[in-house]
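Fold and contact review
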Amino acid sequence: MKKIIFLCFVCMHISFSSEFKKGHLFIDSQTQNFLNRWVEKIYKVAKLSNPKVFVMIHPELNAFADPLGNIVIHSETIIQSESLEQLLGILCHEIGHIAGHHHVRLQNQMRSMAGPMAVATAIGALAAALSGRGDALAAGIAAGMTVSERSFLSYMQGEEKSADAAAVSYCKKLGIPLNGIIDFFKKIQSKTFASDPYLNTHPIVEDRIAFFNQTSFINNKISPTDSDEFQVIRAKLIGVLKDKDVSSLPKNMSSVKNFYRLYRLKKYQDILDQGKKLSHNDPYITEFLGDVSFKMGNIDQTLDFYSKARDKIKSVWLDLSYAHALSESKISKNYEKALNIVKVVVQKHPDLGLGWRIKARLHSLLSQQDELSLSMAEYGASISDYKLVQTHAKRATKSHNQRIRMRAEELLQDIKPK
Ligand SMILES: [Zn+2]
């Protein structure tokens with residue numbers, strides 16, 4: 001018999017470009033924690049609660065408060081913001097829209113002009129992004145984007161002015177120098193962003209610069225530590241998304257350069273070797289080495305890095321990565337451990353599809369059929385996939401467990417047309 005020999009070339013190369021696609025969320029604990037911290041501060045002075053902020057990988061300069069009140073920042077906006085003040089100025093403006101309830105008007109308008117499905121699509125797009133679904137996600141975002149870019153969804157000039165005024169007041173209260181937002185607008189002015197919705201829906205740039213100039217003040221409360229961490233976040237995005245030379249980054253910050261260098265290494269083993277030397281003082285590098293180990297298929301090493309990072313940082317993304325790695329470990333007592341972590345995550349963030357998916361996987365590994373059905377139904381609800389809810393919730397209604405039955409009934413009730 002003839003033997004066929006397959007030659008397998010296993011390439012241990014990172015293909016960041018394929019992982020970081022336009023329309024995907026940029027999932028990174030440090031970036032998320034950093035933005036959460038600042039957005040929470042701004043929410044507090046704006047007297048708002050329950051902030052939700054996301055970074056979407058997108059080459060256009062934009063940031064917006066979507067009709068559901070989520071703040072979405074395009075990666076390019078962070079890359080182009082040379083200083084933290086610039087980004088914070090934009091965030092303050094977007095939060096000004098939310099405080100003015102402008103997004104609620106958009107939501108109503110969307111409902112009346114495009115029907116409830118449009119709202120569901122917008123929810124679905126972000127939910128899909130949160131669930132981490134590869135291609136389905138890109139499609140979902142694209143659909144959501146078409147809706148949100150329609151002209152009827154743009155903010156009105158009066159709303160823009162009120163958001164600018166709100167931004168000034170938040171900046172004053174928090175000691176965020178206004179030269180940040182002024183510099184950012186000057187940048188917009190100096191370039192032509194013809195297809196940029198940020199320009200199309202916003203008042204003329206010169207007017208806004210004049211407005212901010214007139215109200216400028218000197219009260220800088222931004223600490224050098226925060227500015228440095230912002231540069232690390234930028235470095236990550238530039239390292240992942242741009243084929244640029246490191247010389248465009250501030251040279252005096254070692255942590256910036258460390259991250260930038262690691263992200264640009266082409267071989268997993270090189271990242272591990274160099275990263276290990278740097279990870280002692282930086283838990284985010286430890287987490288990153290966990291990600292890399294996971295891609296290499298070394299689960300024990302992954303768990304080791306993740307648990308070390310978890311001793312120092314709290315992050316939903318890290319919790320989910322850790323639980324995911326535990327579920328791959330082939331040790332059943334790890335599945336219980338992972339389940340306990342994921343339960344806390346989905347309780348706090350029921351709209352995080354990825355959490356429900358990992359939970360479902362763990363129930364499946366533990367042969368808990370009813371819990372698996374219920375988690376799949378919850379997953380369906382989190383991404384507005386009503387067919388998925390129906391199929392799995394129906395199954396869960398046959399459970400002997402009263403809690404599972406009742407929740408399944410509730411989910412079926414929620415998707416009934418009203
Ligand atoms: Zn605006």
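These lines cover the structure that appears in this document, whether it is placed above or below. Keep in mind the model is a prediction, meaning the values are calculated, not measured.

What to know about the overall build of the protein chain
From N to C terminus, the protein chain includes 22 helices and three strands. Burial status across the protein chain gives 45% buried among its 418 residues. Long-range contacts, defined here as pairs at least 24 residues apart, represent 60% of the contacts in the protein chain between residues at least 6 apart.

Some thoughts on the sheet that holds strand S1 (residues 53-56)
Taken in spatial order, the three strands line up as S1-S3-S2 in an open sheet, and their pairing is mixed. With partners counted over all chains shown, the strands left at the sheet margins are S1 and strand S2 (63-65), one partner each. Here the average twist between neighbouring strands, direction ignored, is 20°. For S1 and strand S3 (residues 71-74), the ladder comprises four bridges, and the chain directions are parallel. From the neighbouring strand, Phe-54 faces S3, where its bridge partner is Val-72.

What about the nonpolar core?
Counting 98 residues, the largest nonpolar core has Ile-42, Leu-91, Cys-92, Ile-95, Val-342 and Ala-377 as the members making the most contacts within it. Leaving out residues up to four positions away in the same chain, Val-342 has contacts with Ala-323, Gly-355, Ile-358, Lys-359 and Leu-362.

Focus: unusual backbone geometry
Backbone geometry places His-101, a non-glycine residue, at a positive phi of 60°. Mapped onto the secondary structure, His-101 falls in the loop between helix H4 (84-99) and helix H5 (102-114). For Lys-330, which is not a glycine, the phi torsion comes out positive at approximately 65°. As for its position among the elements, Lys-330 is in the loop between helix H17 (316-327) and helix H18 (332-348). Under the C-beta neighbour-count criterion, Lys-330 is labelled exposed, with 9 such atoms within 10 Å.

So, H18
With 17 residues, H18 ought to run about 24 Å at 1.5 Å a step, and its terminal C-alpha atoms sit 25 Å apart, in line with that. Taken as a whole, H18 has its buried residues at Tyr-335, Ala-338, Leu-339, Ile-341, Val-342, Val-345 and Val-346. Next to the buried residues of H18 lie H17 and helix H19 (353-365).

Conventions we followed
Residues numbered from 1 in each chain as written. Predicted model: local features only at pLDDT ≥ 70, side-chain atom pairs only at ≥ 80, totals over all residues. Helix = DSSP H or I, 4+ residues; strand = E, 2+ residues; numbered from the N terminus. Buried ≥ 20, exposed ≤ 12 C-beta atoms within 10 Å, placed from the backbone. Contact = placed C-beta atoms within 7 Å. Pairing = 2+ DSSP bridges. Axes fitted to C-alpha atoms, helices over the stretch in contact; angles between N-to-C directions. Core = buried A, V, L, I, M, F, W, Y, C linked by C-beta atoms within 7 Å. Expected span 1.5 Å × (residues − 1).

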